[in-house]
Amino acid sequence: MAKEIRSGIEVTGVASIEELKNSPGFPSEKRLKKGPVAVIECVQEIPCDPCEKACPFGAIKVGKPITNLPVLYEDKCVGCGRCIPFCPGLAIFLVDTTFSETEALIKFPYEYLPLPKVNSLVDAVDREGKVVAKAKVVKVETSDKYDHTAVISIAIPKRFVHEVRGIALNRGDKNG
Amino acid sequence: MLETEIAVIGAGPAGLSAAIEAAQAGAKVLLIDENAKPGGQLFKQIHKFFGSKAHRAGVRGIDIGRQLLQETRESGVKVWLNCVVWGLFEDKVLGIVHEGKSDSIKAKKIILATGASENAVSFPGWTLPGVMGAGAAQTMINIHRVLPGKRILMLGSGNVGLIVSYQLLQAGAEVAAVVEAAPKIGGYGVHASKIRRAGVPIITSHTIKEVIGESQVEAAVIAAVNKEWSLIPGTEKTLEVDTVCIAAGLTPLAELAWMAGCECMYLPELGGYVPIHNEKMESTIRGVYVAGDLAGVEEASCAMEEGRLAGLSVAEELGYLEEHEVKRRREEVVERLKALRIGPFGEQRDKAKQKLVQAWQKKLGQG
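Residues numbered from 1 in each chain as written. Chains lettered and ligands numbered in written order. Predicted model: local features only at pLDDT ≥ 70, side-chain atom pairs only at ≥ 80, totals over all residues.

So, on to the overall build of chain B. On a plain count of helices and strands, chain B comes out with nine helices and 19 strands. Computed over the C-alpha atoms, the radius of gyration of chain B is 21 Å, within 12% of the 21 Å expected from 2.2 N^0.38 for a compact globule of 367 residues. With the principal axes as the frame, chain B shows a C-alpha extent of 65 × 45 × 35 Å. Taken over 367 residues, chain B has a buried fraction of 54%. The long-range share in chain B, meaning contacts at least 24 apart out of those at least 6 apart in sequence, stands at 64%. (Helix = DSSP H or I, 4+ residues; strand = E, 2+ residues; numbered from the N terminus. Rg over C-alpha atoms; globule rule 2.2 N^0.38 Å. Buried ≥ 20, exposed ≤ 12 C-beta atoms within 10 Å, placed from the backbone. Contact = placed C-beta atoms within 7 Å.)

This is the structure:
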């Protein structure tokens, strides 16, 4: 606790790549290459486990104590993304590196209005909210079960697959 | 003088849960709140709660509130709103003002669930219109649907500061930054990450030096602080904002408990002076129970569980529940509470809660 750390989730609010890769919810490069897979960016031991029950394939395990970090069983994950809207921390994403020849698909939870329109071009942002690429909105999913959390799918240039985790907020004046 | 079996003071998550538990057991419960609507702060919690299914994780606070109100109605709890309790005297007599009339109530058992109030931080300019508690801003946006400002500076990065920042973004405001005097973010990383993705910087080891404005907030000057929490000259930065929200923790509203003679203990981890209580939530005054933020500032999930404990205890004391039944149910609640107090964010609170129980035992013996 006494160590001075100037990067990482506790100081910046953004999990570092090391923190993510050392967490049990982050899929391997090998699995990422195979196709769509959940990426659980939950690196702190907080009492929370809805993700475990959200997965119908048993690919996410928290167990006891409830503060365990969620473990992703990447071989069981079919990449359906059903877990995304059920994480109260909005910390689960879906990444599909095989979406097209040049593009990857990122799915993420989104709780702002207005929702982006399918096929529109938007600014894709990284974990710090920095615009890093243009993205095409592929899908906008809403459902009573999701309880006001929309799940947005965007296509982005493949090289940003480890960076993009959302889109810039649509404030009408700035983002069109 | 009016009479009731159980008087519960405060209709937030703790008070509602306590009232429901006791009324479901068959006791006659009067639930009193000074506000026009019940629910305490639950109805402005529009985010999904954490925890497990047993804690209603994944459900938004506002919906948990609705469910509690329905259970309150169904269990036959009598609810008095716009009713101020101004005194708690010997023999469990409450001084109240109800619908403009002064009166008193004698109760066999009293459950205090008065909650907590936001801490202020003073700096030059802190009295300018536009400086407010983060909870006040949250009430404005989520209850009254009024945006307190267009561009906001948040002071404090505990879960309240982070969540309210997120909700201000959702409501359409811009959040210029979250400023945190400590070297680390206080709240959950996932809450911090949400607002970072939306482009909000979180500036640690910084605080507000002053707020500038003619007749309202026009800008805030922030500056770095050293390890002694003193401002470091030359590090000032000016942010153009029209609103400053303060999320610097909460203090238990222990006035009635003090007045009743409940012994309190100073525990900064729980927000300040907290009434000493046992595992059944009984204070050092027999028949006076405490629950929720008054018994140590935590979160709504904990408050509901503590309310249930208090409700079960009074129902048992009044003979509405069998000992073995209460024991089983109490164990379930304690188990759920324990789960909310483990891990790096919960340990401190857990230790502090144990100190309260130990202090009670030292004073009044086992039981």
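With that settled, the discussion passes to helix 4 (residues 159–170) of chain B. In an α-helix, one full turn covers 3.6 residues, which means residues spaced three or four apart are oriented alike. Residues and elements named next belong to chain B. With twelve residues, helix 4 extends 16 Å between its outermost C-alpha atoms, agreeing within 8% with the 16 Å of an ideal straight helix rising 1.5 Å per residue. With ten of twelve residues buried, helix 4 lies mostly within the body of the structure. Turning to helix 4, its buried residues number three or more, namely Val160, Gly161, Leu162, Ile163, Val164, Ser165, Tyr166, Gln167, Leu168 and Leu169. On its buried face, helix 4 sits against helix 3 (134–142), strand 9 (151–155), strand 10 (174–179), helix 5 (189–197) and strand 15 (243–246). Of the residues one or two after helix 4, Gly172 is the one with positive phi, at around 110 degrees. (Expected span 1.5 Å × (residues − 1).)

Right, let's talk about the sheet that holds strand 6 (residues 121–125) of chain A for a bit. Strand order in this open sheet of seven strands is 1-4-5-8-7-6-9 (chain A), and the pairing throughout is antiparallel. The sheet terminates laterally at strand 1 (37–40) and strand 9 (166–167) of chain A, the two strands that pair on one side only. (Pairing = 2+ DSSP bridges.)

Contact with chain B, which involves 33 residues of that partner, is made by 35 residues of chain A. Those elements that provide at least two residues to the side of chain B that touches chain A are helix 4, helix 5 and helix 8 (323–340) of chain B. In terms of residues, the side of chain B that touches chain A owes the most to one element, helix 5 of chain B, which gives seven residues. Tallied by class, residues from the side of chain B that touches chain A come to 16 nonpolar, ten polar and seven charged. (Nonpolar A, V, L, I, M, F, W, Y, C, P; charged D, E, K, R; others polar.)

Residues and elements named next belong to chain B. Here we have five strands laid out as an open sheet, ordered 8-15-9-10-11, and parallel in their pairing. Looking along the sheet, the strands with just one partner apiece sit at the ends: strand 8 (131–133) and strand 11 (202–203). Alignment of strand 8 against strand 15, held across three bridges, turns out to be parallel. Of the residues in strand 15, the one forming a bridge with Val131 is Val244.

All names here are of chain A. Domain assignment breaks chain A into domain 1 (1–93) and domain 2 (99–176). Each partner contributes residues to the interface: domain 1 has six residues there, and domain 2 has ten residues. Residues belonging to the side of domain 1 that touches domain 2 are distributed by class as follows: five nonpolar, one polar and no charged. (Domains from an automatic or database assignment.)

Residues and elements named next belong to chain B. We note that the domain assignment places domain 1 (2–117 + 250–364) and domain 2 (121–246) within chain B. Centre-to-centre separation of domain 1 and domain 2, based on C-alpha positions: 31 Å. Contact with domain 1, which involves six residues of that partner, is made by eight residues of domain 2. Among the residues forming the side of domain 1 that touches domain 2, the class breakdown is three nonpolar, two polar and one charged.

All names here are of chain B. Among the nonpolar cores identified, the biggest contains 124 residues, and Val8, Ile111, Leu112 and Ala291 are the most heavily contacted of them. For this core, the element with the most residues is helix 7 (residues 300–317), which contributes nine residues. Here Leu112 is in contact with Ile9, Leu256, Ala257, Val288, Tyr289, Val290 and Leu294, once residues within four sequence places are set aside. Leu169, Val178, Val241 and Ala247 belong to the second largest nonpolar core, which has 40 residues in total. (Core = buried A, V, L, I, M, F, W, Y, C linked by C-beta atoms within 7 Å.)

Moving on, we come to the environment of Ala124(A). Residues and elements named next belong to chain A. Inspection of the secondary structure assignment puts Ala124 in strand 6. Residues Ala124 and Lys134, ten residues apart in the sequence, show an inter-C-alpha distance of 5.6 Å. Contact partners of Ala124, with chain neighbours within four places excluded, come to Val132, Ala133, Lys134, Ala135, Ile154, Ile156, Phe160, Val164 and Ile167.

Glancing now at unusual backbone geometry. Residues and elements named next belong to chain A. In this structure, Pro65 follows Lys64 across a cis peptide bond, with omega equal to -5 degrees. You can see Pro65 is positioned in the loop between strand 2 (60–61) and strand 3 (71–72). A cis amide bond, omega -5 degrees, links Leu113 with the succeeding residue Pro114. Relative to the helices and strands, Pro114 is located in the loop between strand 5 (103–110) and strand 6.

Turning our eyes to something else, we now look at the UniProt feature "domain: FAD/NAD(P)-binding" (unreviewed entry) in chain B. As recorded in UniProt, the sites labelled "domain: FAD/NAD(P)-binding" (unreviewed entry) are residues 5–307 of chain B. The span residues 5–307 of chain B is 23% helical and 30% strand by assignment, and the distance between its end C-alpha atoms comes to 17 Å. (UniProt positions renumbered as here; feature names shortened; annotations may be inferred.)

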